[in-house]
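Report on the structure
So the chains spell out like this:
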Amino acid sequence: MSPAPTPKILIIRRDNIGDLVCTTPLIAALRRRFPQSWIGALVNSYNAPVLAGNPDLDEVFVYTKAKHRGPRESLPGILWRRLAMMRKLRGMQLDDVIIATTSPQPRVVKLARWLQPKRLIGFGDVKGLDLALPLDDAGRHEAEDVFRVAAVYGIAGPPPACRVFAPGKAAPAPPFTVGIHISARKASQRWPAERFAETIESLAAQGPLRFMLLWSPGAEDNPLHPGDDAKAGELLARVGAGAPVIARPTQTLADLIAALAQCDALICADGGAMHLAAGLGLPIVCLFGNSGTARWRPWGVPYRLLQKPSLDVRDIAVDEVTTAFNALRADIPAPSS
């Protein structure tokens, strides 16, 4: 339990999009446990949009990593803003700081100790932690693993669903809209454009569906921010007038969240978009390459997961994806009138 009845709690999560999405069940549980407490988060500019509009947080502190700085941002400027932010946090006299990354983080522990919290909580045998949770040895999902922190506060039970909020989100309009997200960071997760096109054509032939094509814009050979403009163009050319497709390149993470909020379901590879969709409550057909399904499957939503022994999504056939989607759609509750 916390030493204070209404503790000031800061949650630090500095890694990837999916990791932060999988931390939102813990944030929601802490808010229910401490409705009057100050609860904040420290994240980076890359993953910060995951927490935009989250009602469980009083404040989100954002810093920019050097590799993520924009063309008009100087390194001294970034470092100065980071120092000012850390001074503000230190002055808040925090009760608990939770390092929510589920692997040992010695550098983050040193940073968090500078904030002078009454208690520092994290994972692994790291010098400087006041309460160290043992590393997972039970094959937990990431959401379950980080949720072990909840027990420190007397919170029992499984983690709730992930929560991501889109500004001004409205119910998707008919017809049923299927998001098709084609970008993936890892090569083993990249399903070919022609397979996506064949999937769209196959599903469109079954009934009134609309499709939203989502991708990271840019050139494939851009060393800093590789994009999928060419892949999207190939897919759109293959589909032609054979199906209604809305093209939605998403330049920013906020753009992606807003676009996903307009969909009724998603077909995608494992990655950040998949976890964002789960946080928005979308049913998902997910294609896994060389990723651990037990730890990284969608959390808290209906889904169908496809993975081949080769751990390469290119070995997944179109008919397997369409069959999975049809089975998934059969399990989606009809909207209440």
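Here the structure is shown first, and the text comes after it.
Residues numbered from 1 in each chain as written. Predicted model: local features only at pLDDT ≥ 70, side-chain atom pairs only at ≥ 80, totals over all residues. Heavy atoms only, no water.

1. Examining the pattern of salt bridges
The tally for this structure, following the rule as stated, stands at 18 salt bridges. The partner of arginine 295 in a salt bridge is glutamate 142, with the nearest N and O atoms 2.9 Å apart. Within this pair, whereas arginine 295 is found in helix H10 (residues 293–296), its partner glutamate 142 is found in helix H5 (residues 142–146), the two being separated by 153 residues in sequence. Given the relative accessible area of 1%, glutamate 142 is considered buried. (Salt bridge = Lys/Arg side-chain N within 4 Å of Asp/Glu carboxyl O. Helix = DSSP H or I, 4+ residues; strand = E, 2+ residues; numbered from the N terminus. Buried < 20%, exposed > 50% of the residue type's maximum accessible area, 1.4 Å probe, protein only.)

2. Quick notes on the side chain of histidine 141
The residue histidine 141 is located in the loop between strand S6 (131–133) and H5 in this model. On the accessibility criterion, histidine 141 (0% relative accessible area) is buried. Side-chain polar atoms of histidine 141 contact the backbone nitrogen of alanine 143, separated by 2.9 Å. A polar contact of 3.4 Å, which involves the side chain of histidine 141, links it to the backbone oxygen of arginine 295. Not counting residues up to four positions away in its chain, the partners in contact with histidine 141 are Cys22, Ala294, Arg295, Trp296, Arg297, Pro298 and Trp299. (Polar contact = N/O pair within 3.5 Å; in protein donor to acceptor, adjacent residues only side chain to side chain. Contact = heavy atoms within 4.5 Å.)

3. Comments concerning the sheet that holds S6
Within a sheet, adjacent strands bond to each other through the backbone by hydrogen bonds, running parallel or antiparallel. Strands sit in the order S3-S2-S1-S4-S5-S6 across an open sheet of six strands; the sheet is parallel. Edge positions in the open sheet fall to strand S3 (59–63) and S6, since each of these has one partner strand only. Across the sheet, the mean angle from the axis of one strand to that of its neighbour is 15 degrees, orientation sign disregarded. Pairing of strand S4 (residues 96–99) with strand S5 (residues 119–123), which is carried by three bridges, proceeds in the parallel orientation. When the sheet's bridge partners are listed, aspartate 96 is paired in S5 with arginine 119. Contacting strand S1 (9–12), strand S2 (39–44) and S4, helix H2 (residues 24–33) runs over the sheet at an angle of about 175 degrees to S1. Those strands touched by helix H4 (residues 106–114) are S1, S2, S4 and S5, and its axis lies near 165 degrees from that of S4. (Pairing = 2+ DSSP bridges. Axes fitted to C-alpha atoms, helices over the stretch in contact; angles between N-to-C directions.)

4. Side note on the packing of helix H8 (residues 253–260) against helix H9 (residues 272–279)
Axes are the key here: two packed helices are described by the angle between their axes and the distance separating the axes. As a packed pair, H8 and H9 sit with axes 10 Å apart at the nearest point and diverge in direction by 50 degrees. Between H8 and H9, the angle is such that the two are oblique. The handedness of the crossing between H8 and H9 is right-handed. Side by side, H8 and H9 meet where Leu253, Leu256, Ile257 and Leu260 of the first sit next to Ala273, Leu276 and Ala277 of the second. The residue inventory of the contact of H8 with H9, partitioned by class, reads seven nonpolar, no polar and no charged. (Parallel < 35°, antiparallel > 145°, perpendicular 65-115°, else oblique. Left-handed = near helix turned anticlockwise from the far one by under 90°. Nonpolar A, V, L, I, M, F, W, Y, C, P; charged D, E, K, R; others polar.)

Geometric values such as these leave the question of function open.
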